[in-house]
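# Overview (structure and organization)
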Amino acid sequence: QVRLVESGGGLVQAGGSLRLSCAASTRSFSSYAMGWFRQAPVKEREFVAAINWGENIRYTDSVKGRFIISRDNAKSTVYLQMNSLRPEDTAVYYCAASPGLRMSVPIRREDFDSWGQGTQVTVSS
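Regular strands show a simple pattern: their side chains alternate between the two faces of the sheet. Summarising burial for strand S4 (residues 33-39): six of the seven residues are buried, a large majority. Across seven bridges, the pairing between S4 and strand S9 (residues 91-98) is antiparallel. Considered in S9, the bridge of Trp36 is made with Cys95. Where S4 lies against strand S5 (residues 46-51), five bridges are found, and the strand directions are antiparallel. Paired with Arg38 across the strands is Glu46, a residue of S5. Where S4 folds back onto S5 in an antiparallel hairpin, the turn is made up of six residues, including Val42, whose phi is positive at roughly 60 degrees.

Okay, structure coming up:
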């Protein structure tokens, strides 16, 4: 498993932006697919975005056109740029890593075997 550390969460007004970062402690970062999930109070953890080793990307429908996932293999870091934030985006955001050079982009929780501790994002109306 990989140690993942998220940063960049905080409080922002609706319409604002935040950029989350997730640093991974592995020398083989480029071979991992990386994902972002979120969990709001009393809700299940849900998929937000993922990027595989070939930089193929998937987003959940509610964030398409607003969020951008990217990776920097030299820094072993994945990012989530969040624009036009809405109150319903409020949640704890988790970074996750999925091993293997798969052609598809993993989007299920069970596809990921390493998780960060989470970072709180709060969007005020």
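Once the structure has been displayed, the description carries forward.
Moving on, we get to unusual backbone geometry. At Val42, a residue that is not glycine, the phi angle is positive and equals roughly 60 degrees. Among the structural elements, Val42 can be located in the loop between S4 and S5. Val42 sits in the exposed class, given a relative accessible area of 90%. Positioned with a positive phi, Ser76 is a non-glycine residue whose angle comes to about 50 degrees.

Turning to the nonpolar core, a few remarks are in order. Ranked by size, the top nonpolar core spans 28 residues in total, and within it Met34, Trp36, Val78, Leu80, Met82 and Tyr93 carry the most contacts. Breaking this core down by element, the ones donating at least two residues are strand S3 (18-24), S4, S5, strand S7 (67-72), strand S8 (77-82), S9 and strand S11 (119-124). In contact with Met82, not counting residues within four places along its chain, are Gly16, Ser17, Leu18, Leu20, Arg66, Phe67, Tyr93 and Val121. One finds Phe37, Ala50, Ala96 and Val105 within the second-largest nonpolar core, a separate group that totals six residues.

Here is what the cut-offs are and how they apply
- Residues numbered from 1 in each chain as written.
- Predicted model: local features only at pLDDT ≥ 70, side-chain atom pairs only at ≥ 80, totals over all residues.
- Heavy atoms only, no water.
- Buried < 20%, exposed > 50% of the residue type's maximum accessible area, 1.4 Å probe, protein only.
- Helix = DSSP H or I, 4+ residues; strand = E, 2+ residues; numbered from the N terminus.
- Pairing = 2+ DSSP bridges.
- Core = buried A, V, L, I, M, F, W, Y, C linked by side-chain atoms within 4.5 Å.
- Contact = heavy atoms within 4.5 Å.

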